[in-house]
Amino acid sequence: MTVVHDHLDNYLAADLHGELSGPERDELNAHLLECAHCRRIHRETRAMNKILEETLTQQKPDPAFEQRMVAGFHKRIPLRRGGFGNLIVDLIRSRAVQITAVAAVLLGLAQIGRMITRESVTPAGVLSRAVPAERRDQSVFAQAEDKIKMASSGETIANPVQPAAPPPIQPELQAGFGEQAADSRTRLAKAAPNTISETQGLKASAENFGRAEEAQAQQPETPAPELANRKLIRNATVELEIVSFDDAVQKITALTNEDRGYVATTNSQKQANGKLRGQVIVKVLPENLDRLLQKLRGLGELKNQTLGTEDVTKAYFDTDARLKNAHVMEQRLIDMLNTKTGKVSDLLQVEKELGRVREEIEKMQGDLKYWDSQVQFATVTISLAEKDMEEPAAFLLKERAQLALYAPDVEKIYNQIKALASPKVQITNAQLNRDYSGRVSAAISMLIAPEESDAVIGRVKGFGRVENFQMQTQRIAQGGSGISENAKTKRDKVELNITVSRDEQEQALQQTSLRIRTSSVDEKAKELRALAEKQGGRVRSSTFNRDPDGRELANVWLRVPMKNYASLMQSLNSLGRVENVSVQRQNRTDAQIDEANAPADVSIEVYSQGNIIAHESGLLATLRRTLAQSAGAIMWSLRMIGVAIAFLAPWVIAIVAIVWIAKRVIRARR
């Protein structure tokens, strides 16, 4: 498909005239399906061919046109005659023979010149400094071929270009080359009778051949045409860390002017910490780019450098070729409009096509100008950043506190905290919650000015018992990161989040369970309540039970502060014998807890052994219990039998009915 893309014009022209073979036509169609660009060119070519055909078919040539053309050809080309001489003349008129003859003449002239000067090809002298023979022969052959083409087609050269005046050469060389030029003139006259003036130009070129070689040898070597015509765009990016941004920009400007360049753009940004960061874009000649990059390294510490070259040769010359074709197409369309023949719709179509072609011409001209500007100057993008760029300008100290309170009256504490609102204390959130079980809790959030934070937090702690208090401090760098000795520290507003709950909802820090054996349970339970109130605690719940055997049992749940827990445990020994003591403690290391006032739950079971012999004992009591238990067992058995009958009766009835029906059916058949 690449061959079709590169020779698309030839394929399209052959397709219009029906000269493509079957495989070539299939290959062209397959490529048009894949390439949108070629498909668009194909549609434009077919549309243009249709317009030209419709326009040219309406214009009939002059009746005498054919006679004039035939007469002109008769004058130009005489009638052929048979014989060996005419064969020689036809061979001489052949373009290939003419080119071969000119090449042979020039090679002969060069060899004769070497023989006359008695110099070989390698010694130092005039011929050793000559341009390579291969390049010289190609250029001379091309000139001769072009002139012979023009002569064979009937064109004449009005003002042939005369060779530039060469520098003076030795007389003997000039004489030798004069004789060779005469021989060359005679042969060219036989090969092309109608090119006498062109042959004279070739004569002058042959006479000055040696002098041209000497002049070219004195000039410095030029790069090969392939390298000279290449379009290369060179770009570079440099990142530098410098001390002063302004000084670096001035030095870059001076270095750029020394290398025949200029500063295109400059931009800078001032950071919060006062440091400058920016970018400088300079344009410099491509041959001075490497030298400029070496100089830039002395401005500061090099962080990164990138050097790239973009070859736009193919795109450049492809665009240039399309531009020439577009100009030809534009001229053809203008000529069609100037004739003003054909339908109005066709003329409108031509004008539309002319506008599109001109738009493409302008676009291609813009692309070529852009590439020329990019090739002419190399672009260097320099990123500059002063040292310690990430150094923070200041630090912001943010404090966040969490406070949990327990109080018997949550609503009262909630209102007292809300009353603290002032210009320096801003309440951002306040909620009072009550669930279905009647438990009440409150959540309050506030922002406090730094100078008032300690006093306000102290007042809030005095409203209830502090269960937990946490303070988090965060230091935030502004305008950078890292550590700075000169940066100032500013305190932000303190965020305080408060939760208030009833003290009954508080989870105990320590849980203790024990048993006390005593002879009088009721009296000892009353004394236990008095001991709890004396130690600053309270009885949360209590139960009392007495069975028929005379055993008494009382369960009492107490809550006391941890600071009075030890005194309470010692006073329990006066109530009776303490047994089965079990202690569980829950330590919370992630929070600040007031252990002295933290609650401790104590579960106490007070019991007595009761009577050794039960009241309902003896033969009659035992017989009564045995008969009662037997009657209960019989009744239970009867109930189970009834359940079984109720379950099996439907199935038995169904089975009996099926058997009876089956017997009747069998009997009826017999």
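Within every chain, residues take consecutive numbers counted from 1 along the sequence as written. Only residues with pLDDT of at least 70 get local features here, since the model is predicted, and only at 80 or more are side-chain atom pairs given and counted; chain-wide, interface and lining totals rely on the full set of residues. Only hydrogens and water are set aside; all other atoms, that is, all heavy atoms of the structure, feed into the side-chain values.

**Here we look at helix 15 (residues 313–339)**
Its 27 residues give helix 15 an end-to-end C-alpha distance of 40 Å, which sits within 8% of 39 Å, the value for a rise of 1.5 Å per residue. Note on classification: 1.4 Å probe, protein chains only; a residue is buried when its accessible area is under 20% of the maximum for its type, exposed when over 50%, partly exposed between these limits. Helix numbers and strand numbers start at the N terminus; a helix is a DSSP run of H or I with at least 4 residues, a strand a run of E with at least 2. Among the residues making up helix 15, those that are buried are T313, Y316, T319, L323, A326, E330, L333, M336 and L337. With its phi angle positive at about 55°, K340 sits one or two positions after the end of helix 15. Here the expected span of a helix is defined as 1.5 Å times the quantity of residues minus one.

**So, the pairing of strand 6 (residues 394–407)**
Most of strand 6 is tucked away, with 10 of its 14 residues classed as buried. Of the strand pairs in this sheet, strand 6 and strand 10 (residues 488–491) are connected by four bridges, and their pairing is parallel. Residue L397 lies in a different strand from strand 10, and its bridge partner there is R491. The pairing of strand 6 with strand 11 (residues 494–502) spans eight bridges and is classified as parallel. Residue L403 lies in a different strand from strand 11, and its bridge partner there is I498. The pairing criterion is simple: DSSP has to find at least two bridges between the two strands.

**What about helix 3 (residues 22–34)?**
Here helix 3 spans 19 Å end to end across 13 residues, near enough to the 18 Å set by a 1.5 Å rise per residue. When we look at burial in helix 3, the residues that qualify are L28, H31 and L32. One side of helix 3 carries all its buried residues, which in axial view fall inside an arc of 100°. In helix 3, the exposed residues that point more than 90 degrees away from the buried face are P23, D26, L33 and E34. This arc is taken over the directions from the axis of the helix to the C-beta atoms.

**Digging into the layout of surface pockets**
Of the two site types, the cavity is a set of points on a 1 Å grid over the protein atoms alone where a 1.4 Å probe fits but cannot get out, and the pocket is an open set with protein on both sides within 12 Å along at least five of seven lines, each lined by residues with an atom within 4 Å of a point. Grid points are joined across faces, edges and corners, and a volume is the space filled by probe spheres set on the points. The computed volume of the largest pocket comes to approximately 1,200 Å³. As for the largest pocket, its lining consists of 36 residues, of which D9, H37, I41, R322 and N325 are closest to the centre. Elements represented by at least two residues in the lining of the largest pocket include exactly helix 1 (2–6), helix 2 (8–16), helix 4 (36–57), helix 15 and helix 16 (344–376). Taken together, the residues of the lining of the largest pocket sort by class into 14 nonpolar, eight polar and 14 charged. Lys, Arg, Asp and Glu make up the charged group, whereas Ala, Val, Leu, Ile, Met, Phe, Trp, Tyr, Cys and Pro make up the nonpolar group; the residues left over, Gly among them, are polar.

**A closer look at the packing of aromatic side chains**
Centres within 6.5 Å make a pair out of two Phe, Tyr or Trp rings, where for Trp the six-membered ring is used; the pair is then stacked when the planes are under 30 degrees apart, edge-to-face when over 60, and tilted otherwise. Per the counting criterion, the structure on display carries three aromatic pairs. Considering the side-chain rings of Y262 and F377, the 5.6 Å spacing of their centres and the 80° angle between planes classify their relative orientation as edge-to-face. Of this pair, Y262 sits in strand 2 (residues 262–270) while F377 sits in the loop between helix 16 and strand 5 (378–386), placing them 115 residues apart in sequence. Of the residues examined, Y262 reaches a relative accessible area of 40% and is grouped as partly exposed. A relative accessible area of 17% means that F377 is categorised as buried. A centroid spacing of 6.3 Å and a plane angle of 55° characterise the contact between Y316 and W371, whose relative ring orientation is tilted. Separated by 55 residues along the polypeptide, Y316 in helix 15 and W371 in helix 16 bring together distant segments of the chain. What makes Y316 buried here is its relative accessible area of 11%. An aromatic cluster is defined as three or more aromatic residues linked by ring pairs; in this entry it consists of Y316, F317 and W371. Just above the ring of Y316 sits the side chain of K231; from NZ or CZ to the centre is 4.6 Å. Cation placement over rings: the criterion is NZ of Lys or CZ of Arg within 6 Å of the ring centroid and within 35° of the ring normal. The ring of F469 has K461 sitting right over it, with the charged end atom 3.8 Å from the ring centre.

**Notes on the state of the cysteines**
Criterion for a disulfide: a pair of cysteine sulfur atoms at a distance within 2.5 Å. Taken as a whole, this structure holds zero disulfides when the rule is applied. In this model C38 remains outside any disulfide bridge; the closest cysteine sulfur is found in C35, 3.4 Å from its own.

**Here's the deal with the sheet that holds strand 2**
Spatially, the five strands line up as an open sheet ordered 2-3-5-1-4, and their pairing is mixed. At either margin of the open sheet sits one strand with a lone partner, and together these are strand 2 and strand 4 (301–311). Adjacent strand axes in the sheet meet at a mean angle of 10° when their direction is disregarded. Direction of pairing for strand 3 (residues 276–284) relative to strand 5: antiparallel, over a ladder of eight bridges. The partner of V284 across the bridge, within strand 5, is A378. Axis definition: a line fitted to C-alpha atoms, over the contacting stretch in the case of helices. Angles run 0 to 180 degrees between N-to-C directions.

**As for the pattern of salt bridges**
A carboxyl oxygen of Asp or Glu within 4 Å of a side-chain nitrogen of Lys or Arg is what we treat as a salt bridge. Under the counting rule described, the total for this entry stands at 25 salt bridges. K324 is paired through a salt bridge with D320; the nearest N and O atoms lie 3.7 Å apart. In this pair, K324 and D320 both sit in helix 15, four residues apart, roughly one turn of the helix. Judged by its relative accessible area of 53%, K324 falls in the exposed class. With a shortest N-O distance of 3.0 Å, R358 and E330 are connected by a salt bridge.

**Re the environment of V243**
Positionally, V243 belongs in the loop between strand 1 (232–242) and helix 13 (245–258). On the accessibility criterion, V243 (67% relative accessible area) is exposed. In sequence terms V243 and A385 are 142 residues apart; their C-alpha atoms lie 8.3 Å from each other. What V243 contacts, discounting residues up to four positions off in sequence, is E386 and K387. Any two residues whose heavy atoms approach within 4.5 Å at even a single point are treated as in contact.

**A short note on the packing of helix 2 against helix 3**
Two numbers describe how helix 2 lies on helix 3: the axes approach to 11 Å, and their chain directions differ by 120°. The angle between the axes of helix 2 and helix 3 places the two elements in the oblique class. For the pair helix 2 and helix 3, the sense of crossing is left-handed. Here L8, Y11 and D15 of helix 2 come into contact with helix 3, specifically with E24, R25, E27 and L28. Taken together, the residues of the contact of helix 2 with helix 3 break down into three nonpolar, no polar and four charged. Here the angle decides the label: under 35 degrees means roughly parallel, over 145 means roughly antiparallel, 65 to 115 means roughly perpendicular, and every other value means oblique. Handedness of each helix crossing follows the sense of rotation of the near helix against the far helix: counterclockwise by less than a right angle gives left-handed, clockwise gives right-handed.

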